[in-house]
Structures are given as C-alpha cells and as structure tokens.
Amino acid sequence: MDPQIDEIKKLDDKLNNTQIPADLLEKAKEMVARLDRIAKMGGNFVVEFDNAGRYIDWISALPWNTRSEDTLDINHATEVLNKNHYGLKPVKDKILEYLAVLKLSKNTTRAPILALVGLVGTGKTTLAYSIADAMGRKFERIPFGGIGDALYLRGQSRAYPDAEPGAIIKALRRAGTKNPVILLDEIDRVDEEARNTIMGVLVELLDPGQNNRYTDHFIDYPFDLSEVLFIATANNTTHISTAVLDRLEPIQMPSYSDEEKITIGRDFVLPKVMTDANLTPGTITIDPEVWPKIVRPLGFDGGIRTLERTIN
C-alpha cells in the first residue's frame, strides 16, 4: 500500500473509533478527504498531513462525553480535609457547605466559584487539591503567574505555524474527563499589559451562561465547560476585575499562628521530611523548647513555606 494512503487510513480509523460531535466529525472527515485528493494530485502532502494530523489527534483525545462520578459524601470530605490540613476550621466549614450545595442541587443549579484568597504558603493550592480528592474528580492546575497573553488560555488559530490549543483545552486532555477540578492559580498575578484580555477570558470561563460553548482558537469548535469545577486562588483581590469578582465567592485563608505552625511542623512536616530522607521514625527528635525558634527563625511568615525549608 502507498505510505500516504496508509497514513490517511490511520487518521480515518482514528476518527471512526472516537466519540466526537457529529458536525465536528463531518468537518474532520472533510479534512481527510482533502488529504486523499492532495495525495492523488501530488500536492504538498507533508505539510497538509501534519496540520490535519495534529488537529485530528487533539479533537480525538478530548473528553467530549467522558466524565467521572462525583463522591459527594460530607463525612468523607471532612476526613480528607482534616487529613491534609490542620486547623482552618472556618475555611473547611465553608467548603463542606459548598459541597453540600452541590449535593442537594443535583446539577439543577450552579454553586458559585470558590476563590481562595491569602498569603503565600497558607495552603490555597493544596486545599484545592483536597477538594478534588474529596469529590473523586481529576485535578488540573493552570498557573496564571506572569501570563502575558490571553492566547495562552484561548489557544492560537491553526492558520499560524506551530499553533496549539490553549491551557484550558490542554488541561481537559490531561484530565481525560469533562468534569475535572481545574485550579486557576494566582489569577491576580497576570502581566499588567494583558490583564484586561485575560480577565475577559476568565469571565467567559466562570460564567455558566457562556462556558457551555467555550471556543478555543485552535480547536475552533465549542466545548462544554459547564461541568468543570473551577477554583481560583489569589494573594489578594486588588488586581482582579470587578466582572470576575462578581462570579467568585472569596474565602479568606488566614495566616497560621505560631502554635499552629508548631503542630504542623511536628506532626506533618517533620515526619514527611524524614520519610523523604529515608530516615526511620525516632532518628531525629526536636525538643519542645526548640520548636518556637524553628517556626520563627527570621520573623513572622503567614504561611508554612519557610517552616518547611527550615525543617528540611
């Protein structure tokens, strides 16, 4: 068999073995038919095949109809939150309340998007992961720090060489489900010059009236994001647009007290560090009077990153 015809057949077989929307399938089939004509007429097959092949690979890999089953058990969620996080009772209560709303609504209403706001090291990212763990959903993180172009989120048109999908579509492909938890991390730290356009994309992502037909420039076909659970984090809300804030429910992440840091360091961080260093329990002990100096070596720190580095 002609190698070009063989490659075209592989693309066609891939389309036949995936579940994608009917009109998108028709569009992709037309691309394959065009490749067949180019192969027979002796056109620039390599370039056309590369473009069509990358596109078909992406649309075939997206979870158009694949979703995970939610575990909306409040007792289980409580256990997960307590296992992964010490203290933070008001924050945990708010999250359990949020999950209870999701459980009662049974997808008839949309709970507001959570926004965890607090200083560096206060546990915003790990708390978002715990929510996904408690719900039994896949977890993906999109870092916003330093983003200077909305195309990072939205993707680039296939008319440009080396174009690729945006971060949202990439996260969905990695998750393999259409209802993951996607963390929009540090949305207040985008580049100043691109802030307005990025905030515009965020409005669409977080608005239930718009995100059911989210269109990435590369895919060029609407994808339903209404089942995605978005969680945002920020150090503060000063640089977040009013339109985005209107779609968020901010939860303030408090700073840890010295007493809480001692407990976290002694019962959580030190055992983990010892395990990572292949040290058996009891190899190292820290006297109680030493802990206050460990948790405040250079002054006050709202989070626990300095504590982790010091113990390490």
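**Q** What am I meant to see in helix α11 (residues 258–276) here?
**A** An α-helix turns once per 3.6 residues; consequently, residues spaced three or four apart project the same way. The principal kink in α11, of about 45°, is found at Gly265. Every buried residue belonging to α11 is among Lys261, Ile262, Thr263, Ile264, Gly265, Val269, Leu270, Val273 and Met274, and all of these are buried. Where the residues of α11 are buried, they touch α12 (291–295) and α13 (305–311). In the segment just after α11, Asn278 is the residue with positive phi, at about 60°.

**Q** Could you clarify how one ought to interpret the environment of Leu116 in this entry?
**A** Within the element layout of this structure, Leu116 appears in strand β1 (residues 113–117). For the pair Leu116 and His85, spaced 31 residues apart in sequence, the C-alpha to C-alpha distance is 14 Å. In this view, Leu116 contacts Lys124, Leu127, Ala128, Ile231, Ala232, Thr233, Ala234, Ile251 and Met253; residues no more than four positions away in its chain are not counted.

**Q** Help me understand the environment of Arg266 in this model?
**A** Mapped onto the fold, Arg266 is located in helix α11. The partly exposed category is assigned to Arg266, whose relative accessible area is 41%. Sequence separation between Arg266 and Val181 is 85 residues, and the spatial gap between their C-alpha atoms is 31 Å.

**Q** It is not clear to me how the pattern of salt bridges should be interpreted in this structure. Could you clarify?
**A** A side chain of one charge can pair with a side chain of the opposite charge if their charged atoms are brought near each other. Taken as a whole, this structure holds 20 salt bridges when the rule is applied. A salt bridge links Arg67 to Glu227; the nearest nitrogen and oxygen atoms lie 2.8 Å apart. One end of the pair, Arg67, is in the loop between α3 (45–61) and α4 (74–84); the other, Glu227, is in the loop between β5 (222–223) and β6 (229–234), with 160 residues separating them in the sequence. Since its relative accessible area comes to 41%, Arg67 is described here as partly exposed. Lys272 serves as the salt-bridge partner of Asp276, at 3.0 Å between the closest nitrogen and oxygen. One end of the pair is Asp276 and the other is Lys272, both in helix α11 and four residues apart, which spans about a single turn. Residue class for Asp276 comes out exposed when judged on its relative accessible area of 54%.

Rules used in this analysis
- Residues numbered from 1 in each chain as written.
- Predicted model: local features only at pLDDT ≥ 70, side-chain atom pairs only at ≥ 80, totals over all residues.
- Heavy atoms only, no water.
- Bend = angle between axes of the 7 residues up to and from the residue.
- Helix = DSSP H or I, 4+ residues; strand = E, 2+ residues; numbered from the N terminus.
- Buried < 20%, exposed > 50% of the residue type's maximum accessible area, 1.4 Å probe, protein only.
- Contact = heavy atoms within 4.5 Å.
- Salt bridge = Lys/Arg side-chain N within 4 Å of Asp/Glu carboxyl O.

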